[in-house]
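# Coordinates in review
Spelled out from the first residue to the last, the chains are:
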Amino acid sequence: MANQNLMDIDQLLVQVAAYNPNGDVGLIRRAYDFSARAHEGQVRQTGEPYVIHPLSVAGILAFLRLDISAVVAGLLHDTLEDTVATRTDLEQEFGLDVARLVEGVTKIGQIPFKTYEEKQAENFRKMVLSMADDIRVVFIKLADRLHNMQTLEALSSEKQRKIAQETMEIYAPLANRLGMSWIKQQLEDLCFQYLQPDAYSMLILRLAKKDDERQAYIQSIIELASQALKNAGLSGQIEGRPKHLYSIFQKMERRAVSFDEIFDLTAIRIITDTKMACYAILGLIHSMWPPVPGRFKDYIATPRSNLYQSLHTTVVGPQGEYVEFQIRTEEMHGINEYGVAAHWRYKESGKVVGRDEQVFSWLRQFVEWHKDLTDNRQFMDSVKLDLFHDVVFVFTPKGEVREIPVGSTSVDFAYAIHTEIGDHCVGAKVNGKLVPLRHQLNSGDMVEILTSPSQVPHRGWLKFVKTSRAKTKIKHWFKIEEQKRALELGRRLLEQEFRRRDLPIAQSLKSERLVSLAKAKGCETVDELIRAVGYGRLSPDQVVDHFVESDTLKESALPKSQVGSSSKIGGLRSEGAVKFRGGKDVLMQLSKCCNPVPGEPIRGYITRGRGLTIHATDCPNFHALEWDQNRLVEVDWDTEIDGTHSVEVSVLTLDRPGVLAKVSSGISHAQANITRAEISTREDKKAVLDFVIEVKNTTHLECILKDVQRVEGVLSAKRVRSW
């Protein structure tokens, strides 16, 4: 692949003029001068002048053979964020099209974010939404990320890993979905270098040792295949292509084999003139060397969703080694390398039209499915889910083709058609036969969704649906239902409390006092305040107290810093306390499934009728509840209150006399009390000692386990949880 790190504006102009002789390359020169002036005095972490970066990004865009506006936007893509240049400046100098592109690529600069992840999620959301208006935005963003990865060595190791992880999770699969294979492969290899440096170095070394031998072997295969094509009167350009490092590593991991057991390290690519010639060459290759069963793929008859077309076959070549052949036409090769960038045409700037509009319907659907997600973590998880999964093609009863991820069910398909159909689906017919809602669909299936007005979503659907759209819509339905129930319950509880205190119910619920209390508690509306009562975040007493004059005066006399301050509420046992913001008189209990201990991260979940349940954040049961953000509460351990917590510990020892006494002594030595002890022996002459001990916090627990592990005869000591 050609070097995209262009260091010279003249080289860039020559490259663009070669594929776009009628283009206004003078605009590119002006954009470079503008960028150089705007970034004057700025340097990158590498020590180079900053303008080298936008010039390199523009070079990558030129390699993709993009139009003049995209190359110009590449040169200017950082000016709105990193310089004093404005959108108006760009529009006046370079036109509306360029200004829109630069604004679409520009990061979120001025908005404060709590975490790096939140900022990156918002940046990526902005790019995703911009793709709907102009797909060139994502080309520029991918070129920007590729050059940043190529110059990542100048950053600290922590930043290297963080950026590489994000690139591996988001940008490499995005390039893959767009069919831009060479960008995807470069990004993966660069990420691999920083995320797993030891494995990367090992592969580099092993490949270097085999390089001469492999090159000679591949050259011999190319010569044999070339002669065979010539004898058969078939035209074809043959080249050997080494597989990229990360794909070799993935194959080793997937098959659980060593490097020496991977034989097909190089693919031989044959590029011919017609589709018919592809199949003729395939037959010729199979007549020369026996094909490996199960290793033939016809991506010409059934292209991948990112437009990739080629014939793949693996044969047993000379000396018994596996050799992979990829056979395609010149047109297919261009699309396979450049993906959507090679396949687009414009009638309006940036708008994919005609046949391409149908081909890239997944992109519009991708944007549509994610634009309504407001939670950053949910948005990023949803994006990753949809980017990584391959797809199947199914048909509606009217013959329309729908693209959905592999493993999708009838419910996923129903939600892909329309939210209302998903909410009310009761069953499905696949190829004319009734199937369960959890039935997974295959390419070519004709699917008819059966609905009923009385049907509503079930929580059980979340266990088998595949698409982020279906998951989001189901959770949204339950969120709305929960809000309705919380409003109804909160209103009923308040009415009871107003009645108990002999206050007028209807008048109180409509009073200005309730409006002012809602604002004081951070609620936008009175209904939100009432829902907080229904959820258990506020007790009815707290609301009704506001209507009693004496209590109102007391609260107004308090310093502002004390209003809404943290309340400290102990657990059900004398184990120390948890503190949280927002109320008093709330029942609280530690979850029995994870039994959290001071020192480990915790979150609260409001369960109607049972108050606030405290979970460890790594508890699987808590993760199942996380989707309902309205019932999550931020909590912390109160370090001012001393106490102990019961923890289960399991110790594996050799079955020797006196070992129980030694382990018990080790626990006592760590100043911990044992409340229960059980011993059982195994056939392999080992014993399992199970204890329930009282600990102060995680640090205390770690000391106990270390003391126990030092006891002679102890093989392991660990904490046990019920999950």
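Residues numbered from 1 in each chain as written. Predicted model: local features only at pLDDT ≥ 70, side-chain atom pairs only at ≥ 80, totals over all residues. Heavy atoms only, no water.

## Things to note about the overall build of the protein chain
- Within the protein chain, the regular secondary structure consists of 30 helices and 21 strands.
- Contacts spanning at least 24 positions in sequence make up 65% of the contacts within the protein chain whose residues lie at least 6 apart.
- For the protein chain, the accessible surface area stands at approximately 35,700 Å², while carbon and sulfur atoms represent 50% of it. (Helix = DSSP H or I, 4+ residues; strand = E, 2+ residues; numbered from the N terminus. Contact = heavy atoms within 4.5 Å. Areas by Shrake-Rupley, 256 points an atom, 1.4 Å probe, with all protein chains shown as cover.)

## Side note on unusual backbone geometry
- A positive phi angle, near 65°, is found at Gln 319, a position not held by glycine.
- Here Gln 319 is to be found in the loop between strand E4 (311-316) and strand E5 (322-329).
- With a phi close to 55°, Asn 431 is a non-glycine residue in the positive phi region.
- Assessed through its relative accessible area of 47%, Asn 431 is described here as partly exposed. (Buried < 20%, exposed > 50% of the residue type's maximum accessible area, 1.4 Å probe, protein only.)

## Some thoughts on helix H7 (residues 96-105)
- Buried residues dominate H7, accounting for seven of its ten residues.
- Inspection of H7 places Asp 97, Val 98, Ala 99, Leu 101, Val 102, Gly 104 and Val 105 among the buried residues, and these make up the whole buried set.

## Side note on the nonpolar core
- Counting 74 residues, the largest nonpolar core has Leu 12, Ile 28, Val 72, Leu 76, Phe 94 and Met 149 as its most contacted members.
- Once you skip the residues sitting within four places of it in the chain, Leu 76 turns out to touch Ala 31, Phe 34, Ser 35, Leu 90, Phe 94, Val 98 and Val 102.
- With 24 residues, the next largest nonpolar core counts Val 411, Phe 413, Tyr 415 and Val 465 among its residues. (Core = buried A, V, L, I, M, F, W, Y, C linked by side-chain atoms within 4.5 Å.)

## Focus: the pairing of strand E18 (residues 645-654)
- Burial of E18 is extensive: seven of the ten residues sit out of reach of the surface.
- Sheet topology places E18 next to strand E20 (residues 686-695); ten bridges connect them, and they run antiparallel. The partner of Val 651 across the bridge, within E20, is Leu 689.
- Inspection of the sheet shows E18 paired to strand E21 (residues 714-720) by six bridges, in the antiparallel sense. Bridging across to E21, Val 649 finds its partner in Arg 719. (Pairing = 2+ DSSP bridges.)

## Digging into the packing of helix H9 (residues 136-150) against helix H10 (residues 157-177)
- Two elements in contact, H9 and H10, have axes whose closest approach is 11 Å; the angle formed by their N-to-C orientations is 140°. Relative to H10, the element H9 is oriented oblique. In the crossing of H9 with H10, the sense of the turn from one axis to the other is left-handed. Facing H9, whose interface residues are Val 138, Lys 141, Leu 142, Arg 145 and Met 149, H10 presents Ile 163, Ala 164, Glu 166, Thr 167, Tyr 171, Leu 174 and Ala 175.
- For the contact of H9 with H10, the per-class residue count stands at eight nonpolar, one polar and three charged. (Axes fitted to C-alpha atoms, helices over the stretch in contact; angles between N-to-C directions. Parallel < 35°, antiparallel > 145°, perpendicular 65-115°, else oblique. Left-handed = near helix turned anticlockwise from the far one by under 90°. Nonpolar A, V, L, I, M, F, W, Y, C, P; charged D, E, K, R; others polar.)

## Some thoughts on the pairing of strand E8 (residues 425-430)
- Bridge count between E8 and strand E10 (residues 447-451): five bridges; the pairing is antiparallel. Along E10, the bridge assignment pairs Ala 428 with Ile 449.
- Bridge analysis of E8 against strand E9 (residues 433-435) gives three bridges, and the strand direction is antiparallel. Within the sheet, the bridge partner assigned to Ala 428 lies in E9 and is Val 435.
- Hairpin connection, E8 to E9: the antiparallel pair is bridged by two residues, and Asn 431 has positive phi, about 55°.

## Thoughts on the side chain of Thr 396
- When you line up the elements, Thr 396 lands in the loop between strand E6 (391-395) and strand E7 (401-405).
- With residues near it in sequence (within four places) discarded, Thr 396 still touches Arg 402, Phe 413, Met 446 and Val 447.

## Description of the sheet that holds E20
- Strands sit in the order E19-E20-E18-E21 across an open sheet of four strands; the sheet is antiparallel. Edge positions in the open sheet fall to strand E19 (673-681) and E21, since each of these has one partner strand only. Here the strands of the sheet are splayed against their neighbours by 20° on average, with no regard to which way each runs.
- Looking at chain direction, E19 and E20 are connected through eight bridges and run antiparallel. The residue bridging Ile 674 from the neighbouring strand is Ile 693, located in E20.
- Across the sheet, helix H29 (residues 659-669) lies against E18, E19, E20 and E21, angled at about 25° from E20, the strand it touches most.
- Most of the contacts of helix H30 (residues 698-709) go to E21, to which it runs at about 160°, and overall it touches E18, E20 and E21.

## Re the sheet that holds E8
- Sheet architecture is open: three strands sit in the order E9-E8-E10, paired in antiparallel fashion. The open sheet has two edge strands with one neighbour each: E9 and E10. Direction aside, the axes of adjacent strands within the sheet are offset by 35° on average.
- The sheet contacts of helix H20 (residues 410-417) involve E8, E9 and E10, and relative to E10 the element is tilted by about 85°.

## Topic: the pattern of salt bridges
- Tallied over the entire structure, the rule returns 17 salt bridges.
- Across the salt bridge formed by Glu 103 and Arg 87, the nearest N and O atoms sit 2.6 Å from each other. Of this pair, Glu 103 sits in helix H7 while Arg 87 sits in helix H6 (residues 87-94); the two residues are 16 residues apart in sequence, bridging distant segments of the chain.
- The class for Glu 103 is partly exposed, based on a relative accessible area of 36%.
- Residue Glu 239 pairs with Arg 269 through a salt bridge whose shortest N-O separation is 3.3 Å. Of the two residues, Glu 239 sits in strand E1 (residues 237-242) while Arg 269 sits in strand E2 (residues 266-272), which places them 30 residues apart along the sequence.
- We classify Glu 239 as partly exposed; its relative accessible area is 28%.
- Looking at Arg 269, the relative accessible area reads 6%, which means it is buried.
- It is possible to trace a salt-bridge network through shared partners that takes in Asp 67, Asp 97 and Arg 136. (Salt bridge = Lys/Arg side-chain N within 4 Å of Asp/Glu carboxyl O.)

## Describing the confidence of the model for the protein chain
- A residue-level look at the protein chain finds 79% of positions with pLDDT of 70 or above and a mean pLDDT of 79.
- Taken as a whole, residues 1-6 scores under 50 in pLDDT and shows 20 contacts with residues more than four places along the chain or in a different chain.
- Low pLDDT (under 50) marks residues 581-585, which in the prediction has 15 contacts with non-local residues, meaning those over four places away or in another chain. (pLDDT = per-residue confidence, 0-100.)

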